Protein chains: 2
Amino acid sequence: MDTRTLCLAILQKGAASGYEIKKKLEEMPYRIFQEVGFGSIYPALNRLLEAGHVTVQAQAQRKRPDKKVYAITANGRQELEGSLLHPPAQDRFRSDFLFVLFHSELLAHEELADLFDTRITELKSTIDQMHACDLSGASPGARFVHGYGLTYYENALDYLCTHREWLLDETEARRQTTSATWCPEVSSTVPGGDR
Amino acid sequence: MDTRTLCLAILQKGAASGYEIKKKLEEMPYRIFQEVGFGSIYPALNRLLEAGHVTVQAQAQRKRPDKKVYAITANGRQELEGSLLHPPAQDRFRSDFLFVLFHSELLAHEELADLFDTRITELKSTIDQMHACDLSGASPGARFVHGYGLTYYENALDYLCTHREWLLDETEARRQTTSATWCPEVSSTVPGGDR
DNA sequence: CTTGACATGTAACCAGTTACATGATTCT
DNA sequence: AGAATCATGTAACTGGTTACATGTCAAG
């Protein structure tokens, strides 16, 4: 989702400044969608302003720089609802982690094991944070998306744990049988081999 | 992963033309990572050529336009291995579908139901295709990644099926309780207070 | 006779990231 | 004293998408 729509979505729940929008995009539940930098947010807000989708109000603050509080307009709400209506684009999943594992035979055994271990630790911490997350008062949509993300992380963790040894062993085996002999793989935990 | 690295990864498994690279990126197992257009591939190959990561050889064909077959060099292999070594960037998951469901209260009941149904159908078809996919001869890494993707899709399908009714009902319930008290304009709800 | 596969490329456009630029205040 | 937080923005760069441009051949 582009930054403009993301900003509209947040402003729809209440007026906010660019700085505050960035903070909200960093924490749950918006974190699931995307993190964007100031370099995207401020220009996006200016374009929304030009288009009449939002209004600004400068807020002088004692002992703080001025704040520009943006609020969504009826026009902006219509725009947001419009973008929800047309059929959503395909999901895109980008994982450099998987890309590296895909080429497991180009890495040393230890590097592979380390990769797994750090990812498993990260996943556990992410899952803990998501469990700790307060959802009282959250909309049904927010809860649904949170649950989707949580089950994704939990299943990913499970997959990594149950297939770690398999990949490590198979990669080692493949490395040794470079071109000489063909080794018949016999395993009950071959990914995709359960049909 | 950027297009150049993606091209190197494919060429590492064998020489290919730009057209063939695109086809490989469209099918399993590369499909999991990313799909890229010709507009990305041809410039990427030229940059790899300039950098000495690949070589070209024009191949005249009977009754076909000439083909430019690219092959990876020792230099290019080193480059690829190098990019696998430094710690992978964070996974990014972008889903307009989830973004829409997040705002379920802005959509009509029927639109929501339709969204679910089309997505469920799509997922089922994707899963079938992945099950039908031939993995004999695939590297351990490729199998691992394929399995990761497959379990993701299966779990996503399961989550959608088991939570469809919940979201539909909860959204309906929320709509009825908030419609009366909903306050549209800017008003006093400025987050972050004032001073 | 038209669609689709084969085959390569460029140019304009759009979006996002990173680095830069500024500056007060509060916490450790 | 130095780091973190609050607060806003621009400019350069990078990368990807889309549209354009060209052409053959096979199959329906």
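Residues numbered from 1 in each chain as written. Chains lettered and ligands numbered in written order. Predicted model: local features only at pLDDT ≥ 70, side-chain atom pairs only at ≥ 80, totals over all residues. Heavy atoms only, no water.

1. Examining the interface of chain A and chain B
So, step 1. Counting residues at the interface gives 77 residues for chain A and 75 residues for chain B.
So, step 2. Together, the buried faces of chain A and chain B total about 7,400 Å²; carbon and sulfur atoms form 64% of this surface.
So, step 3. Where chain A meets chain B, there are four salt bridges.
So, step 4. The shortest N-O distance in the salt bridge between A:Lys13 and B:Glu105 comes to 3.8 Å.
So, step 5. Across the chain A-chain B interface, the total number found is 16 residue pairs in polar contact (both at pLDDT 80 or more). (Contact = heavy atoms within 4.5 Å. Buried area = accessible area lost by both parts, 1.4 Å probe. Salt bridge = Lys/Arg side-chain N within 4 Å of Asp/Glu carboxyl O. Polar contact = N/O pair within 3.5 Å; in protein donor to acceptor, adjacent residues only side chain to side chain.)

2. Comments concerning helix H1 (residues 3–11) of chain B
So, step 1. Among the nine residues that make up H1(B), eight are buried, leaving the element largely enclosed by the rest of the structure.
So, step 2. Looking only at H1(B), the buried set comprises B:Thr3, B:Thr5, B:Leu6, B:Cys7, B:Leu8, B:Ala9, B:Ile10 and B:Leu11. (Buried < 20%, exposed > 50% of the residue type's maximum accessible area, 1.4 Å probe, protein only. Helix = DSSP H or I, 4+ residues; strand = E, 2+ residues; numbered from the N terminus.)

3. Observations concerning the nonpolar core
One recurring pattern in soluble globular proteins is that nonpolar side chains are buried together.
So, step 1. Residues A:Ile21, A:Phe144, A:Leu160, B:Ile21, B:Phe144 and B:Leu160 are the most contacted members of the largest nonpolar core, which totals 106 residues.
So, step 2. Per-element accounting of this core gives the leading share, 13 residues, to helix H7 (residues 140–176) of chain A. (Core = buried A, V, L, I, M, F, W, Y, C linked by side-chain atoms within 4.5 Å.)

4. Some details on a nonpolar patch on the surface
So, step 1. Where nonpolar side chains cluster on the molecular surface, the patch consists of A:Tyr19, A:Phe38 and A:Tyr42 and spans about 310 Å² of accessible area.
So, step 2. Relative to the helices and strands, A:Phe38 resides in helix H3 (residues 38–50). (Patch = residues over 30% accessible without salt bridge, like charges linked within 9 Å, V, L, I, M, F, W, Y side chains within 5 Å. Areas by Shrake-Rupley, 256 points an atom, 1.4 Å probe, with all protein chains shown as cover.)

5. Here we look at the protein's contact with DNA strand C
So, step 1. Of all residues adjacent to DNA strand C, which total 22 residues, the nearest are A:Ser40, B:Tyr19, B:Tyr42, B:Gln61 and B:Lys68.
So, step 2. Sugar and phosphate atoms constitute 74% of the interface atoms of DNA strand C, taking the interface as everything within 4 Å of the protein.
So, step 3. Within the side chain of B:Tyr42, an N or O atom sits 3.1 Å from a phosphate oxygen of DNA strand C.
So, step 4. Of all the elements in the fold, those that place two or more residues in the surface near DNA strand C are helix H1 (3–11) and H3 of chain A together with helix H2 (18–26), helix H3 (38–50) and strand S2 (64–72) of chain B.
So, step 5. The element that contributes the greatest number of residues to the surface near DNA strand C is S2(B), accounting for six residues.
So, step 6. Looking at side-chain class alone, the surface near DNA strand C contains six nonpolar, seven polar and nine charged residues. (Near = heavy atom within 4 Å. Nonpolar A, V, L, I, M, F, W, Y, C, P; charged D, E, K, R; others polar.)

6. A word on the relation of the copies chain A and chain B
So, step 1. When chain A is brought onto chain B, the operation consists of a screw motion whose angular component is 180° and whose axial shift is 0.0 Å, with 0.1 Å RMSD remaining. Both copies of the chain, as the preceding transformation shows, are related through a two-fold rotation axis. Scanning chain A for the C-alpha nearest the rotation axis identifies A:Phe93, at a separation of 2.3 Å.
So, step 2. A share of 84% of the interface residues of chain A reappears at the interface of chain B, consistent with the copies meeting face to face through the same patch. (Least-squares fit on C-alpha atoms with pLDDT ≥ 70 in both.)

7. Observations concerning the confidence of the model for chain A
Low-pLDDT portions of the prediction should not be read for the details of their coordinates.
So, step 1. Within chain A, residue pLDDT values average 89, and 89% of them lie at 70 or more.
So, step 2. Considering only residues more than four positions removed or in separate chains, one finds that residues 179–189 of chain A, a stretch of pLDDT under 50, has six contacts. (pLDDT = per-residue confidence, 0-100.)

8. A few points about the packing of H1(A) against helix H4 (residues 74–85) of chain A
Residue and element names in this part refer to chain A.
So, step 1. Closest axis-to-axis distance for the H1/H4 pair is 10 Å, and the angle between their directions is 120°. The angle between the axes of H1 and H4 places the two elements in the oblique class. Seen from above, H1 lies across H4 with left-handed handedness. Residues Thr5, Leu8 and Ala9 of H1 pack against Gly76, Glu79, Leu80 and Ser83 of H4.
So, step 2. Across the contact of H1 with H4, the residue classes tally to three nonpolar, three polar and one charged. (Axes fitted to C-alpha atoms, helices over the stretch in contact; angles between N-to-C directions. Parallel < 35°, antiparallel > 145°, perpendicular 65-115°, else oblique. Left-handed = near helix turned anticlockwise from the far one by under 90°.)

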